[in-house]
Amino acid sequence: MVNFHHSIQFILNNEAVSTDVPPGTLALDYVRQQLQLNGTKSGCKEGDCGACTVIVGQLDAAGKLRYLPMTSCLLPVGELQGKHLVTIEGLNMPALSPVQQAMVDTGGSQCGYCTPGFVVAMTAGLMEPKLPLNAKGALHAISGNLCRCTGYRSIKAAGLQVIEELAHKLQAGDRVGSLVEAGALPDYFKGIETRLQAMQPDPGSPAVDTPKGEKQGPRVIISGGTDLYVQRGDELPHADVVLLNNRPPIEAPELRQGRVCFDARMTFEAFAEDPLILRHLPDMPAYNDLIASWPMRTRSSIGGNICNGSPIADMTCLLLALEAELTLSGSDGRQRTVPLREFYLGYKQLNKKPDEIVEEISFPAFDASSRVNWEKVSKRAWLDIATVNSACKVRVEAGLVTAAHLALGGVAATPLYLSQASRYLEGKPLDAASIHGCIEVAMGEFTPMSDVRGSADYKRLLARQLLLVHFEKLFPETIEQEDLYAPLR
Ligand SMILES: Cc1cc2nc3c(=O)[nH]c(=O)nc-3n(C[C@H](O)[C@H](O)[C@H](O)COP(=O)(O)OP(=O)(O)OC[C@H]3O[C@@H](n4cnc5c(N)ncnc54)[C@H](O)[C@@H]3O)c2cc1C
């Protein structure tokens, strides 16, 4: 067991809290076991069911408070320093809130185990200005919640009822304030921003992950924790952890020397909101609809996706096609840069020392002559990991392919950059014959394995189809569907 210098201070519902529990302790275990706040339910403990959903309020770099839903089963307490943790108990008022009342009115609760998670997620959806106040927004809010007995019809009806009741009362610029005015959130929410500002540590004060005494084995680098807690959930509360999210706030991505550079801790959700990223990847929000769920994307970092080394990591596949590079720094302060396509040495084997942290990710900026597409096929359309995914970036000038970068996931031990197929296309006319030639080369670059997600033959078929789909989607004005698919039938 590692001991820690100082306590973790945050606001839990309406109470200021200070605790000495190890920083890697799960927020779920902390509220249930230490504080007996048992409204937050422990379900799958893998981020899938949403029964443990909480809302976390955090000040941004400008000192403005933003609330996002998170699964407390994958959230380390150490990260709550200076933040506002809201559990279902913190949403209670003398009468039922409009969300709670809507769940009652529509029969949205049966055994009740999932109900607190749904209420918290729906409330988070109302608090988040980016979510539209309509059916789409209501569904987005509960995208990370599973109900196994009530069925979704009545829960969706509850979401719609509450939006109908509140939409005209909510101001885009101040959802939280107007929810308080509308009696949908307790009054204490009004004072939280000021209370959090007063709690912020002096710049330069040590992070809460600093261990006391001798080092005990390698430190575990935790970013969003969404892979780590699923894999090593029992061990991390007692481990010596480095909480990357407790370091200085994440700055917005920037253009530097012709490259789009961003902090590796950026979450999938933040990535898809950033104007510079959206200028290059306008379809990123649509890609995100196929990646995890809202409460998971508010935690999952891009650096974590890369360093977890999963062959089907969605963002890694996209970044391979974008020619991404990683900047790593070691505990000795030394920095080095590695192209992402040289980062994987074998299954979950990385070109990285255990103490090295991926600090920054960058990719070359590009203009409209380059087009990007990302595709994913999974067993379920939503909330599932990929069977096969693929991405491509192709530059075409005067009818000729002048640069091509193709990537595949789920067909090898690592995420795969198709170097031969990419090279094959360069200098070729953009037509069906070149694409068929490229795909033939690509099919020689990997040998998939059969597993629970599909047979090797099925994966080969998916890979071929996804590579074709890129060209169909990206160049509809040049490539006829018939020419692309007919020879393959
Ligand atoms: C319910 C659920 C759904 C999911 N759905 C998807 C999905 O649809 N698509 C998908 O691709 N993934 C999915 N994932 C997997 C996971 O969310 C992603 O891989 C995520 O990007 C991991 O990021 P993280 O910040 O949580 O990583 P962590 O769990 O914090 O870390 C993962 C690994 O990377 C290391 N690490 C993290 N950041 C750094 C860094 N900056 N430098 C060095 N090492 C680092 C850690 O030490 C650890 O070994 C899902 C996970 C869950 C639980």
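Remember, it's a predicted structure, so these values are computed and weren't measured experimentally.

Give me the lowdown on the environment of Val56, citing residues and values where you can.
Among the secondary structure elements, Val56 is positioned in strand 4 (residues 53-59). For Val56, a relative accessible area of 3% translates into the label buried. In sequence terms Val56 and Phe271 are 215 residues apart; their C-alpha atoms lie 19 Å from each other. Residue contacts for Val56: discarding those within four places in its chain leaves Arg66, Tyr67, Leu68, Met70, Leu75, Leu80, Lys83, His84 and Leu85.

Talk me through the site of the ligand; I want residue IDs and the actual numbers.
Around the ligand, the surrounding shell holds 33 residues, and the nearest of these are Ile221, Gly224, Thr226, Asp227 and Ser301. Between the ligand and Ile221 there is a distance of 2.6 Å, counted from an oxygen atom to a backbone nitrogen or oxygen. Between the ligand and the protein, one listed contact pairs an oxygen atom with a side-chain N or O atom of Ser300 at 2.9 Å. For the ligand, the accessible surface in isolation is 980 Å², of which the surrounding protein chains cover 91%. Listed by contribution, the elements that provide at least two residues to the shell around the ligand are strand 8 (220-222), helix 8 (228-232), helix 13 (302-308) and strand 16 (357-364). The biggest single contributor to the shell around the ligand is helix 13, with 5 residues. Of the residues that constitute the shell around the ligand, the class distribution is 13 nonpolar, 11 polar and 9 charged.

I'd like a rundown of the pattern of salt bridges, residues and numbers included.
Any two side chains of opposite charge can pair, so long as their charged atoms come close to each other. What the rule picks out here adds up to 23 salt bridges. Salt-bridge contacts for Lys130 lead to Glu273; the nearest nitrogen and oxygen are separated by 3.5 Å. With Lys130 in the loop between helix 3 (115-127) and helix 4 (135-141) and Glu273 in the loop between helix 9 (268-271) and helix 10 (275-280), the pair connects residues that are 143 residues apart, well separated along the chain. We note a salt bridge from Glu323 to Lys393, for which the minimum N-O separation is 2.8 Å. Note that Glu323 is positioned in the loop between helix 14 (314-321) and strand 12 (325-329) and Lys393 in strand 18 (residues 386-397), a separation of 70 residues in sequence. You can call Glu323 partly exposed: its relative accessible area is 25%.

Describe the sheet that holds strand 3 (residues 15-19), and please don't skip the residues or the numbers.
Overall, mixed pairing links the 5 strands, which are arranged 3-2-6-4-5 in an open sheet. Single-partner strands in this sheet number two, and they are strand 3 and strand 5 (65-71). Taking each pair of neighbouring strands and ignoring which way they run, the sheet shows an average axis angle of 30 degrees. Relative to strand 6 (residues 84-86), strand 4 runs antiparallel, the two sharing 3 bridges. Residue Gly57 lies in a different strand from strand 6, and its bridge partner there is His84.

Report on the environment of Thr150, specifying residues and quantitative values.
Along the chain, Thr150 falls in the loop between helix 4 and helix 5 (152-166). Each C-alpha atom, one on Thr150 and one on Val388, is 33 Å from the other, the two residues being 238 residues apart in sequence. Apart from residues lying up to four places away in sequence, Thr150 is in contact with Gly107, Gly108, Ser109, Gln110 and Ile155. A distance of 2.9 Å separates a polar side-chain atom of Thr150 from the backbone nitrogen of Gln110.

So what's going on with helix 5? Which residues, and what values?
The end-to-end C-alpha distance of helix 5 is 21 Å, a good match for the 21 Å that 15 residues give at a rise of 1.5 Å each. Among the residues making up helix 5, those that are buried are Ser154, Ile155, Ala158, Gly159, Val162, Ile163 and Leu166.

Let's hear about the packing of helix 16 (residues 432-443) against helix 17 (residues 456-474): which residues, and what values?
A pair of packed helices can be characterised by two numbers: the angle between their axes and the separation between those axes. Two elements in contact, helix 16 and helix 17, have axes whose closest approach is 11 Å; the angle formed by their N-to-C orientations is 150 degrees. Judged by the angle between their axes, helix 16 and helix 17 are roughly antiparallel. In the crossing of helix 16 with helix 17, the sense of the turn from one axis to the other is right-handed. Of helix 17, the residues touching helix 16 (which contributes Ile435, His436, Ile439, Ala442 and Met443) are Arg460, Arg464, Leu467, Leu468 and Phe471. Of the residues contributing to the contact of helix 16 with helix 17, the split by class is 7 nonpolar, 1 polar and 2 charged.

With reference to specific residues and values, describe the packing of aromatic side chains.
Given two aromatic rings, their pairing is described by the distance between the two centres and the angle made by the two planes. The full count for this structure, using the stated rule, is 8 aromatic pairs. Linked through ring pairs, Phe262, Phe271, Phe363 and Phe366 together constitute an aromatic cluster. Looking at Arg341, its charged tip hangs above the ring of Tyr417, at a distance of 3.9 Å from the centre. Stacked on the ring of Tyr424, the Lys or Arg Lys428 has its end atom at 4.0 Å from the ring centre.

Conventions we followed
Residues numbered from 1 in each chain as written. Predicted model: local features only at pLDDT ≥ 70, side-chain atom pairs only at ≥ 80, totals over all residues. Heavy atoms only, no water. Helix = DSSP H or I, 4+ residues; strand = E, 2+ residues; numbered from the N terminus. Buried < 20%, exposed > 50% of the residue type's maximum accessible area, 1.4 Å probe, protein only. Contact = heavy atoms within 4.5 Å. Near = heavy atom within 4 Å. Polar contact = N/O pair within 3.5 Å; in protein donor to acceptor, adjacent residues only side chain to side chain. Areas by Shrake-Rupley, 256 points an atom, 1.4 Å probe, with all protein chains shown as cover. Nonpolar A, V, L, I, M, F, W, Y, C, P; charged D, E, K, R; others polar. Salt bridge = Lys/Arg side-chain N within 4 Å of Asp/Glu carboxyl O. Pairing = 2+ DSSP bridges. Axes fitted to C-alpha atoms, helices over the stretch in contact; angles between N-to-C directions. Expected span 1.5 Å × (residues − 1). Parallel < 35°, antiparallel > 145°, perpendicular 65-115°, else oblique. Left-handed = near helix turned anticlockwise from the far one by under 90°. Phe/Tyr/Trp six-rings, centres within 6.5 Å; stacked < 30°, edge-to-face > 60°. Lys NZ or Arg CZ within 6 Å of the ring centre and 35° of its normal.

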